[in-house]
Every structure is written in C-alpha cells, then in structure tokens.
Amino acid sequence: MPTRPRSPQFYIGCAGWNIPRNAAEKFPSEGSHLERYASRFNAVEINTSFYRPHRPATYARWAATVSEDFRFSVKMPKHITHELRLCNALEPTKQFLLEAGALEMKRGCVLVQLPPSLEFVASVAETFFTDLRELHDGNIACEPRHVSWFSTEANHMLVRHRVARVAADPALHTGADEPGGYFALNYFRLHGSPKTYYSNYTDEFLTDLGGKLTGRKNEAKEVWCIFDNTADGCAAENALQLQMLINNAKE
C-alpha cells in the first residue's frame, strides 16, 4: 500500500507582533504584545531587523517569551540587501547572524528581501549565497523583485544553495506569486492587494489560498505564510482566518 505524503508544517503569522485594536478581543488581554500574539500564532516575521540591529540579549528575550514550537523569521538588514546590494557583505552578514543566533532553535528562517532595482548577476548572487549558506544551515527565503531573478539560471542557483524564492502578492512579475527555488520550503508573503500594506484580503481569496496551501502536491516540508498588510490592521484578522481554514482542512 502506498504511503500517504506527509503534510508539511505550517507557520502562519504576521509581519510584526503588534495587535491591532480591531482584533484585540481575539487575543488574551494580559501579557506583552509578543506573549499575546504568540498565544494565537506559531510564527512571526521580524522586520525591524531590516532597519536597525538588535542586541543578542533582545533576541534571547523574545525567544524566552514564546513556546518551544514558535518560530521567528528574521529579515536581513537593508545595509546588506539595499546598500551593499549583496556585494562585499560577508562581515555584516556574520554580524547579523551572530545577533539573530540568540534566538537559537526558534530562528525559523532568514528572509532576504531584495530591492526592485537589483538585477540578478550570477557572480554576485553566487558569492553572496555561498557565504550565507556556509554561515547558516537553516531555512533561507529570498524575495527578489527584479524580473531577472525569475529566470531558469537564477532559479537553479537558488536551488543549489537551498534558498526558497518567496511567493508574493501582489505579484510584480509573471510567476512571482508562486514559490520557486528550493522545493522543501514554501514562503508566502502577502503584502495586501490592490493597495500594498493596506488592503484587506477577501474571504474568497483566503479560502482559495487555504486550499492552495493544503493541496500543494510538492515536497515542501515547511510552508510559511506571512501577512504584511499591517497598515490598517488587516494582517492579524487575515492570518487568523487562514489559520482556521488550514486547521479545518487538516482535520
């Protein structure tokens, strides 16, 4: 008898753990924002690391606040991705990983978001991801936003380094709304559509997304879905609804 494919581990959450007023009643009233957030979700994306460094003690405190099965995705600093543009980035990458390493086993993913103007240059990308992979053996997801990163050559490079290409909404290019790169990790980032960071996702969209995530016929071991439409407080409600849909589908 053929064995049933193992269901991937789902990590559903938001970009940041701020709890908006419109969703506050769905979270405990006591505790810090992170404690309250982590009572309902098993993952969060740390975006503040993109703008400024955090001390290892800060990461350690966050890790101590959540349960053992909770995971953080940590966004790589813009100094590396947007200012250095992946060039000569070994030392700042080491420093970033040293700081975020205080999360220990709760560091679930490193997120590399690239600027829309950054084209795929094979030699630069190869050097950067070779260095990153030698320093970090865990999950890596990359969100490129220039069309050149959706080529076969770029995809093969990501696969070699075990880097998942983010599936983003809204999709800036054909295929950008589908996972690419390393097949064992799927990472979805939902920024809000049609108005980025603001728009609420409809019931129809979330139902379709839930079916898409639970019905994926691939070899993904982990599926992440992060809602980044936080500007008007929609992310928490959308993430809770998707979480419910996925839990119902698994029952």
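Once a new chain begins, its residue numbering starts again from 1 and follows that chain's sequence as written. Residues qualify for local features only when their pLDDT is at least 70, as the model is predicted, and side-chain atom pairs are given and counted only at 80 or more; totals for whole chains, interfaces and linings, by contrast, use all residues. Side-chain measures here rest on the full set of heavy atoms in the structure, leaving out hydrogens and waters.

Undergrad: Sorry if this is basic, but what is going on with the overall build of the chain here?
TA: Counting its secondary structure elements, the chain contains nine helices and ten strands. The globule rule used here is 2.2 Å times the number of residues to the 0.38 power, and the radius of gyration it is set against is calculated over C-alpha atoms. Its C-alpha radius of gyration of 18 Å places the chain within 12% of the 18 Å reference for a compact globule of 251 residues. Overall, the C-alpha framework of the chain stretches about 50 × 45 × 45 Å when taken along its three principal axes. Using a 1.4 Å probe on the protein chains alone, a residue whose accessible area is under 20% of its type maximum counts as buried, one over 50% counts as exposed, and one in between counts as partly exposed. When burial is assessed residue by residue, the chain has 49% of its 251 residues classed as buried. A contact between two residues is defined here by any heavy atoms of the two lying within 4.5 Å. When contacts within the chain are restricted to residue pairs at least 6 apart in sequence, those whose partners lie at least 24 apart make up 72%. Carbon and sulfur atoms make up 51% of the accessible area of the chain, which amounts to about 12500 Å² in all. Working definition: helices are DSSP H or I runs of at least four residues, strands are E runs of at least two. Numbering for both runs from the N terminus. Only the protein chains shown count as cover for residues, and the accessible areas themselves come from Shrake-Rupley with a 1.4 Å probe.

Undergrad: How should the pattern of salt bridges be read in this particular structure?
TA: Opposite charge on two side chains permits pairing when their charged atoms draw close. By salt bridge we mean one thing: a side-chain nitrogen of Lys or Arg within 4 Å of a carboxyl oxygen of Asp or Glu. Overall, the coordinates contain eight salt bridges when judged by the stated rule. Residues Glu143 and Arg189 are paired through a salt bridge, measuring 2.5 Å at the closest nitrogen-oxygen approach. In this pair, Glu143 is assigned in strand S5 (residues 140-143) and Arg189 in strand S9 (residues 185-190), connecting sequence segments 46 residues apart. Overall, the relative accessible area of 3% leaves Glu143 in the buried class. In this structure, Lys212 and Glu178 form a salt bridge, with 2.9 Å as the shortest nitrogen-oxygen distance. Remark: Glu178 occurs in the loop between strand S7 (167-169) and strand S8 (180-181) and Lys212 occurs in helix H8 (residues 203-214); sequence separation between them is 34 residues. Looking at Glu178, the relative accessible area reads 31%, which means it is partly exposed. Residues joined in a network through salt bridges with shared partners are Glu45, Glu143 and Arg189.

Undergrad: Quick question: what am I supposed to make of the side chain of Glu99 here?
TA: Along the chain, Glu99 falls in helix H5 (residues 90-100). Although buried, Glu99 forms no salt bridge, and the nearest oppositely charged side chain, Arg107, lies 9.3 Å from it. A 3.5 Å cut-off defines polar contacts: any pair of N or O atoms within that distance qualifies, except that in protein one atom must be a possible hydrogen donor and the other a possible acceptor, and neighbouring residues in sequence count only when both atoms are side-chain atoms. In this structure the side chain of Glu99 is engaged in a polar contact, spanning 3.0 Å, whose partner is the side chain of Gln95. Ignoring anything within four residues of it in the chain, the contact list for Glu99 reads Pro53, His54, Pro56 and Tyr59. Under this rule, positive means Lys or Arg and negative means Asp or Glu; His and the chain ends count for nothing.

Undergrad: Would you mind showing me how to read the packing of helix H6 (residues 122-135) against helix H7 (residues 152-160) here?
TA: Helix packing geometry: the angle between the two helix axes and the distance between the axes. Packing of H6 against H7 leaves a shortest axis separation of 10 Å and a crossing angle of 15 degrees. Accordingly, the angle class assigned to the pair H6 and H7 is roughly parallel. Once H6 is placed against H7, the crossing between them reads as right-handed. Between H6, through Ala122, Ala125, Glu126 and Phe129, and H7, the contact on the second element is made entirely by Glu153, Met157, Leu158 and Arg160. The class makeup of the residues in the contact of H6 with H7 is five nonpolar, no polar and three charged. Here, axes are lines fitted to C-alpha atoms. For helices the fit covers the stretch in contact, and angles between N-to-C directions go from 0 to 180 degrees. What sets the label is the angle itself: under 35 degrees gives roughly parallel, over 145 gives roughly antiparallel, 65 to 115 gives roughly perpendicular, and the rest give oblique. Definitions for this section: a left-handed crossing has its near helix turned counterclockwise from the far helix by less than a right angle. A right-handed crossing has that turn clockwise. Note that Gly is not counted as nonpolar here; it falls among the polar residues with everything else outside the nonpolar set of Ala, Val, Leu, Ile, Met, Phe, Trp, Tyr, Cys and Pro and the charged set of Asp, Glu, Lys and Arg.

Undergrad: Help me out: how do you make sense of the environment of Glu83 in this one?
TA: The residue Glu83 is located in helix H4 (residues 78-83) in this model. Of the polar contacts made by the side chain of Glu83, one reaches the side chain of His79; its length is 2.8 Å.

Undergrad: Honestly, the layout of surface pockets in this entry has me stumped. Any pointers?
TA: Gaps left between atoms show up when a probe the size of a water molecule is rolled over them. As a volume, the second largest pocket reaches approximately 340 Å³. Cavity means a closed set of points on a 1 Å grid over the protein atoms alone, one where a 1.4 Å probe fits but cannot get out, pocket means an open set with protein on both sides within 12 Å along at least 5 of 7 lines, and lining means a residue has an atom within 4 Å of a point. What lines the second largest pocket is a set of 21 residues, among which Ala15, Gly16, Trp17, Asn18 and Thr230 lie closest to the centre. Taken together, the elements giving at least two residues each to the lining of the second largest pocket come down to strand S1 (9-15), strand S2 (43-46) and helix H9 (234-250). Residue composition of the lining of the second largest pocket, grouped by class: twelve nonpolar, seven polar and two charged. Grid points are joined across faces, edges and corners, and a volume is the space filled by probe spheres set on the points.

Undergrad: Explanation requested: the state of the cysteines in the structure shown.
TA: The rule for a disulfide is simple: a pair of cysteine sulfur atoms within 2.5 Å. Tallying each qualifying case throughout the model produces zero disulfides. Cysteine Cys87 remains unbridged, with the sulfur of Cys142 as its closest cysteine sulfur at 14 Å. You can see Cys225 has no disulfide; the closest cysteine sulfur is in Cys14, sitting 9.7 Å from it.

Undergrad: I keep staring at the pairing of strand S10 (residues 222-227) and nothing clicks. Help me out?
TA: Every other side chain in a regular strand lies on the same face of the sheet, so the side chains alternate between the two faces. Along S10, five of the six residues are buried, which leaves the element largely enclosed by surrounding structure. Both S1 and S10 contribute to a ladder of six bridges, which runs parallel. Looking at the pairing, Ile12 lines up with Cys225 of S10. For two strands to be treated as a pair, DSSP must find at least two bridges joining them. The sheet contact formed by S9 and S10 spans six bridges and is parallel. Counterpart to Phe188 in the pairing with S10 is Cys225.

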